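Each chain, letter by letter, is given below.
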Amino acid sequence: MLTGAGVSAESGVATFRDSGGLWEGHDVHQVATPEGFAANPDLVLRFYDERRSQVQLVEPNAAHKALARLEQALDDKVTIVTQNVDDLHERAGSTRVIHMHGELLSALCLRCGQRHRWENELASYPPCPSCSQPDLRPDIVWFGEVPYHMDRIEPLLQQADVFVSIGTSGEVYPAAGFVAAAGAYWAKTVELNLQASRSRSLFDRVKEGPATHVVLEWVDEFLADGVRS
Ligand SMILES: [Zn+2]
C-alpha cells in the first residue's frame, strides 16, 4: 500500500499543501529543493530541526495502528510504501515500511554518503559519526531529487494482489503512476482518502473520509471477510 500525508494529518503532523506550495509558512522551493539548501543551508537545517522535534511529540493514530494490525494478521504480505517522512507507521508497529521520500529521523552525510539515525539538531553542523566531517543534511528527498527505493517498489507493484492508496493526492510522480502499474498487473486497486483524488477513475474502489475512519473500516472489512479489495 501507498500512504501519504492524509494518514499522518490526524496525528497533527504538518505537511506542505500540494496546492498552496507552502510548508509551515515557507515556500517549498526554499526548504525542499537542493537549490534552496545551497542558497540558505542554515534556514533549511533549522526548518527540518523543527520538523524533527515536532514529529517526536506526536503519536500514531488509529489509521497507523490499523495498518500495523493488518501486517500482523497477514505476516509478510503487507508492505507500506510511504511518502511520509515521519516514523509513525513504525511506532504503530508496522515493520515493512519503505520511505520513498526519506526520513526526518535520519541524517545523510554529503561527504561520505553514510546515513545515521538522527534525533537532534543539524543546524549546529555536528560531525558525521562515520567521517567526522560537519556535512550532514536531512535525509529527505527534495523536489528535483530521485525518490528512494524504486528498485524495491517496482517489483512490489507487479506482485501485489491488492494496491491501496491512502491519504495521498496521487499527483506527484512516480507515486502517481503506482495505481496504473499495479492495475496493469491485475491488482485490485482501492483509494482511501479524505476526498477522492483526481485519479479516482483508475481505482476499482474509492472510500472517502478521514483516514482514522476509512482505514479502520477497510482493514476490519478486509480481515473479516477476506475479500480481496
Ligand atoms: Zn560522513
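Please refer to the structure higher up on the page.
Small disclaimer: the values here were computed from a predicted structure and weren't measured.

Engineer: I'd like a rundown of the layout of surface pockets, residues and numbers included.
Structural biologist: When its volume is computed, the second largest pocket comes out at roughly 510 Å³. In terms of lining, the second largest pocket is formed by 23 residues, of which the most central are Lys77, Val78, Ala160, Asp161 and Val162. Put simply, the parts of the chain that give the lining of the second largest pocket at least two residues each are helix H5 (62-74), helix H7 (150-159), strand E9 (162-166) and helix H9 (211-225). Take the lining of the second largest pocket: its biggest share by element is four residues, from H7.

Engineer: An account of the sheet that holds strand E7 (residues 115-117) is requested, with residue identities and associated values reported.
Structural biologist: Taken together, the three strands give an open sheet; going across it, the order is E7-E6-E8, and neighbouring strands pair in antiparallel fashion. Each edge of the open sheet carries a strand with a single partner, namely E7 and strand E8 (136-140). Neighbour to neighbour, the strand axes of the sheet diverge by 40° on average, direction disregarded. Pairing geometry for strand E6 (residues 102-109) and E7, over three bridges, is antiparallel. Counted as the bridge partner of serine 106 is arginine 117 from E7.

Engineer: So what's going on with H5? Which residues, and what values?
Structural biologist: Here H5 is 13 residues long and its end C-alpha atoms lie 18 Å apart, about the 18 Å a rise of 1.5 Å per residue gives. Every buried residue belonging to H5 is among Ala63, His64, Ala66, Leu67, Ala68, Leu70 and Glu71, and all of these are buried. Residues of H5 that are buried make contact with strand E1 (2-3), helix H1 (5-8), strand E4 (80-82), helix H6 (88-92), E9 and H9. The N-terminus of H5 is capped by asparagine 61, whose side-chain oxygen sits 2.7 Å from the backbone nitrogen of alanine 63. Directly beyond the C-terminal end of H5, a positive phi value near 55° is found at aspartate 75.

Engineer: Got a sec to walk through the coordination of the zinc ion? Specific residues and values, please.
Structural biologist: Tetrahedral coordination by four donors sets the ideal angle at the metal to 109.5 degrees; octahedral coordination by six donors sets it to 90 or 180 degrees. Within the protein, Cys109 (SG), Cys112 (SG), Cys128 (SG) and Cys131 (SG) serve as the donor atoms for the zinc ion, at 2.3 to 2.4 Å. One can describe the donor arrangement at the zinc ion as tetrahedral, given that its four donor atoms subtend angles of 106 to 114° at the metal. Sequence positions of the donors to the zinc ion reduce to the motif C-x2-C-x15-C-x2-C. One end of the pair, cysteine 112, is in the loop between E6 and E7; the other, cysteine 128, is in the loop between E7 and E8, with 16 residues separating them in the sequence. The exposure class assigned to cysteine 112 is partly exposed, which follows from its relative accessible area of 31%.

The rules behind each value
Residues numbered from 1 in each chain as written. Predicted model: local features only at pLDDT ≥ 70, side-chain atom pairs only at ≥ 80, totals over all residues. Heavy atoms only, no water. 1 Å grid on protein atoms, 1.4 Å probe; cavity = no way out; pocket = protein on both sides within 12 Å on 5 of 7 lines; lining within 4 Å. Points joined across faces, edges and corners; volume = space filled by probe spheres on them. Helix = DSSP H or I, 4+ residues; strand = E, 2+ residues; numbered from the N terminus. Pairing = 2+ DSSP bridges. Axes fitted to C-alpha atoms, helices over the stretch in contact; angles between N-to-C directions. Expected span 1.5 Å × (residues − 1). Buried < 20%, exposed > 50% of the residue type's maximum accessible area, 1.4 Å probe, protein only. Contact = heavy atoms within 4.5 Å. Polar contact = N/O pair within 3.5 Å; in protein donor to acceptor, adjacent residues only side chain to side chain. Donors = N, O, S within 2.8 Å, 3.2 Å for Na, K, Ca; no water. Tetrahedral: all angles 85-135°; square planar, octahedral: opposite > 155°, others 65-115°.

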